[in-house]
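Spelled out, the chains give:
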Amino acid sequence: VTSLTVNTRVYEGQKPGTSGLRKAVKIFQQEQYTENFVQAILNALGDQLPGCTLVVGGDGRFYGKEAVMKIIRIAAANGVKKLIVGQNGILSTPAVSTIIRKYKTQGGIVLTASHNPGGPNADFGIKFNCDNGGPAPDNVTNKIYEITKTLKYYKIAPDIEVDIDKVQNISIEVDGKPFTIDIIDSVNDYVDLMKDIFDFVSIKKLLQGSTDKPAFKVLINSMNGVTGPYVKRIFSTELGVDDKCLVNIKPLEDFGGLHPDPNLTYAKDLVNAMMEGPYDFGAAFDGDGDRNMILGKKAFFVTPSDSLAVLAANLKLIPYFQKTGVKGYARSMPTAAAVDRVAAKTGAKFFEVPTGWKYFGNLMDVGDLSLCGEESFGTGSDHIREKDGIWACLAWLNVIAKLGTSVENILLDHWKVYGRNFFTRYDYENCDSACADKMIQGIGALIQKPDFIGRKLQYEGKEYIVKQADNYSYTDPVDGSKATNQGLRILFADGSRIIFRLSGTGSSGATIRMYIDSYENDPVTFEKDAQLVLKPLINIALKISELHQHTGRDAPTVIT
Ligand code: VG1
Ligand code: CO
């Protein structure tokens, strides 16, 4: 086949956010909109583009297959040598990272808006991952964005037809040069990696039970997202779990109307089933499979920040880390500081980075970081360069198999040793952008006042003394790159924190995130409700931010 060069017009606003370009499907469907962004990604590859290999796949949401076909035709016309494409266009985000690393490709294109709803009236997204398997860092996404602002044409080979629902290897000639499309099974490489990392024999024993131990009952919910086929293969085929305990495991283009974000609000189904049912362990994953929520018996909730700390403290129970050793731990800035205490106690290296998985990559690449996480239900390790929902679930099961005790007891034991970081996040979704900006400016001005440091903030008899307040910025210790404007922080003398930032993953309006973190080491508090313990700080945060006055909101959309 031969390729064409097609004149195009510039679309504004093709600026990737925290994790790729996310917009309404309708926006991506505009003539040449998707083509432009894909061409910009390829142009940003520069010298690496001719003859390169890229991975392509996504979370199965609406418009995904169409986007895959566009990418195939555009990549072919741009001198890409080979594309590795997930069957049906399906690859979870962790699977893309796995495949990029395993086959040493120059990168991958992930078609997902992650936890955002899908369908013709919801969201779509395109994300580029680099040759280390991780989300493109700021310098790359900035370059892509700059290119979109002046793009004049894209190249395409419109006559390429291929059935991406069939595993097959196709070689054709494009403008006289060889071009290969390798449609692969979506789950094989990922499952192989998991079996290398974890002790499947012990996990299977735990889940099946034995003569002296009843089976440990799990309930896994894929929220109609991409993890379905992975869950089916790992939990049913490999570990022998009854299919009845694996729910919503068929990927649907609109996620069956669900908001595929595994938290207490949007994964209410799982929470209810855990409350009522006989299950010892529950897990849910987001649309593209990189997030996880872990619940114990009777829906005992493990906060992501605690999940990270518990895994950190028990990492050596997992075969992979017995081999590689534990190099260091990290968390994103708003994540509660529970893992910090594990790092301090074990003497491991510790890092705090801005929100977004791309900031962990360099530390992993130089061998300083083994395990990291975010409060937003993201947990992962240096086995790949993305957070990994199924990995986190298996890590928990591996730890439970070795400790031989319940999720709740693991947490209680952990708090006894380290104390407990109470944490909550309030999300105010879809606020008016101008109002949200004004609120952030207001807080920014307040915390800059010279007398703000040392100020005593009170609520119902509880008093917090401001120790430090700033707009968080980060310098990458590996390449020296700087990220500024990463969230407003108020740090108190007792270690408690209030943080405000605006989301970078929404597709309309502004989402305000308010994060509250407070440490307690008195065992009588450990089993208390976080909302109660944090009430004074929550109210202080609402008051000083004037959130209600700015947004008109009385209550958050989601509390986690
Ligand atoms: C959110 C989370 C962040 C996460 C990002 C991508 O970003 O807060 O921790 O890395 O989503 O997750 P923001 O900018 O909206 O706060 V995923 O699973 O949507 O790729
Ligand atoms: Co995700």
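Here the structure is a predicted model, which is why all the values come from computation and not from measurement.

Caption draft 1: Highlighting empty space enclosed by the protein. Considering all chains together, one arrives at four cavities of 30 Å³ or more under this definition. Estimates place the volume of the largest cavity at around 260 Å³. In this structure, the largest cavity is lined by 27 residues; those nearest its centre are Thr18, Ser19, Arg291, Lys387 and Thr505. There is about 100 Å³ of room inside the second largest cavity.

Caption draft 2: Main features of the coordination of the cobalt ion (ligand 2). Only Ser114 (OG), Asp286 (OD), Asp288 (OD) and Asp290 (OD) from the protein coordinate the cobalt ion (ligand 2), and they sit 2.0 to 2.1 Å from it. Looking at aspartate 288, the relative accessible area reads 3%, which means it is buried.

Caption draft 3: View of the layout of surface pockets. Roughly 1,000 Å³ of internal volume is contained in the largest pocket. In terms of lining residues, the largest pocket is bounded by 36 residues, among which Gly17, Thr18, Leu502, Ser503 and Gly504 are the most central. Going through the elements one at a time, strand 2 (21–24), helix 5 (138–148), helix 16 (433–448), strand 23 (482–483), strand 25 (497–502) and strand 26 (510–520) are the ones with two or more residues in the lining of the largest pocket. Considering each element in turn, the lining of the largest pocket owes the most residues, four residues, to helix 16. Partitioning the lining of the largest pocket into residue classes produces eight nonpolar, 20 polar and eight charged. For the second largest pocket, the calculated volume is near 570 Å³.

Caption draft 4: Molecular detail of helix 14 (residues 389–403). For helix 14, built from 15 residues, the straight-helix expectation of 21 Å at 1.5 Å per residue is met to within 8% by its first-to-last C-alpha distance of 21 Å. The element helix 14 is largely enclosed, with a buried count of 12 among its 15 residues. Its side-chain oxygen at 3.5 Å from the backbone nitrogen of isoleucine 390, aspartate 388 defines the N-terminal cap of helix 14. Count one or two residues on from helix 14 and you reach glycine 404, which has phi positive near 65°.

Caption draft 5: Just the sheet that holds strand 20 (residues 456–459), in detail. Strand order across the open sheet formed by seven strands is 20-21-24-25-26-19-27, with antiparallel pairing between neighbours. Strands with a single pairing partner mark the edges of an open sheet, and in this sheet they are strand 20 and strand 27 (558–559). Across the sheet, helix 18 (residues 535–545) lies against strand 19 (420–431), strand 20, strand 21 (462–471), strand 24 (488–492), strand 25 and strand 26, angled at about 140° from strand 26, the strand it touches most.

Caption draft 6: Seen up close, the environment of tyrosine 519. Examined against the element boundaries, tyrosine 519 turns out to sit in strand 26. Expressed as a C-alpha distance, the spacing of tyrosine 519 and arginine 497, which sit 22 residues apart in the sequence, is 9.3 Å. Separated by 2.8 Å, the side chain of tyrosine 519 and the backbone oxygen of tyrosine 418 make a polar contact.

Caption draft 7: Representation of helix 4 (residues 93–102) within the structure. In terms of burial, helix 4 is largely enclosed, as eight of its 10 residues are buried. Of the positions making up helix 4, those classed as buried are Thr93, Pro94, Ala95, Val96, Ser97, Thr98, Ile99 and Ile100. At the N-terminal boundary of helix 4, the capping side chain belongs to serine 92, with an oxygen 3.0 Å from the backbone nitrogen of alanine 95. Lysine 104 sits one or two residues past helix 4 and shows a positive phi near 50°.

Caption draft 8: Structural detail: the site of ligand 1. With respect to spatial proximity, 19 residues lie near ligand 1, and among them Thr18, Ser114, His115, Ser376 and Thr505 are the closest. With respect to ligand 1, the side chain of threonine 18 contributes an N or O atom lying 2.5 Å from an oxygen atom. Here serine 376 contributes a side-chain N or O atom positioned 2.6 Å from an oxygen atom of ligand 1. For ligand 1, the cavity whose grid points lie within 2 Å of the majority of its atoms is the largest cavity. Here the shell around ligand 1 is built from residues that sort into no nonpolar, 10 polar and nine charged.

Caption draft 9: Representation of the pairing of strand 24 in the model. Of all five residues that make up strand 24, five are buried, and the element is covered over most of its length. Here strand 24 shows a buried face lined by Leu488, Ile490 and Phe492 and a second buried face lined by Arg489 and Leu491. With five bridges joining them, strand 21 and strand 24 adopt antiparallel strand pairing. From the neighbouring strand, aspartate 470 faces strand 24, where its bridge partner is arginine 489. When strand 24 meets strand 25, the two strands line up antiparallel, connected through four bridges. Directly across from arginine 489, in strand 25, lies its bridge partner isoleucine 499. Hairpin connection from strand 24 to strand 25: four residues lie between these consecutive antiparallel strands, with glycine 495 at a positive phi of about 95°.

Caption draft 10: Structural context of the packing of aromatic side chains. With the rule as written, the count across this model stands at 14 aromatic pairs. Look at phenylalanine 28 and phenylalanine 124: their rings are 5.1 Å apart centre to centre, the planes differ by 80°, and that puts the pair in the edge-to-face class. With phenylalanine 28 in helix 1 (residues 25–28) and phenylalanine 124 in strand 6 (residues 123–129), this pair connects stretches of sequence that are 96 residues apart. According to the relative accessible area criterion, phenylalanine 28 is buried, its value standing at 0%. When its relative accessible area of 0% is taken as the criterion, phenylalanine 124 is described as buried. Taken together, Tyr11, Phe28, Tyr33, Tyr63 and Phe124 form an aromatic cluster joined through their ring pairs. The ring of tyrosine 519 has arginine 341 lying over it, and the distance from NZ or CZ to the ring centre is 3.3 Å.

Caption draft 11: Region of the structure containing the packing of helix 12 (residues 338–346) against helix 15 (residues 407–418). Relative orientation of the contacting elements helix 12 and helix 15 amounts to 60°, with a least axis distance of 11 Å. Compared by their axis directions, helix 12 and helix 15 come out oblique. Considering the relative orientation of helix 12 and helix 15, their crossing is left-handed. Touching Arg341, Val342 and Lys345 of helix 12 are His414, Val417 and Tyr418, all from helix 15. Tallied by class, residues from the contact of helix 12 with helix 15 come to three nonpolar, one polar and two charged.

Rules of the game
- Residues numbered from 1 in each chain as written.
- Chains lettered and ligands numbered in written order.
- Predicted model: local features only at pLDDT ≥ 70, side-chain atom pairs only at ≥ 80, totals over all residues.
- Heavy atoms only, no water.
- 1 Å grid on protein atoms, 1.4 Å probe; cavity = no way out; pocket = protein on both sides within 12 Å on 5 of 7 lines; lining within 4 Å.
- Points joined across faces, edges and corners; volume = space filled by probe spheres on them.
- Donors = N, O, S within 2.8 Å, 3.2 Å for Na, K, Ca; no water.
- Buried < 20%, exposed > 50% of the residue type's maximum accessible area, 1.4 Å probe, protein only.
- Helix = DSSP H or I, 4+ residues; strand = E, 2+ residues; numbered from the N terminus.
- Nonpolar A, V, L, I, M, F, W, Y, C, P; charged D, E, K, R; others polar.
- Expected span 1.5 Å × (residues − 1).
- Polar contact = N/O pair within 3.5 Å; in protein donor to acceptor, adjacent residues only side chain to side chain.
- Pairing = 2+ DSSP bridges.
- Contact = heavy atoms within 4.5 Å.
- Axes fitted to C-alpha atoms, helices over the stretch in contact; angles between N-to-C directions.
- Near = heavy atom within 4 Å.
- Sits in = over half its atoms within 2 Å of the grid points.
- Phe/Tyr/Trp six-rings, centres within 6.5 Å; stacked < 30°, edge-to-face > 60°.
- Lys NZ or Arg CZ within 6 Å of the ring centre and 35° of its normal.
- Parallel < 35°, antiparallel > 145°, perpendicular 65-115°, else oblique.
- Left-handed = near helix turned anticlockwise from the far one by under 90°.

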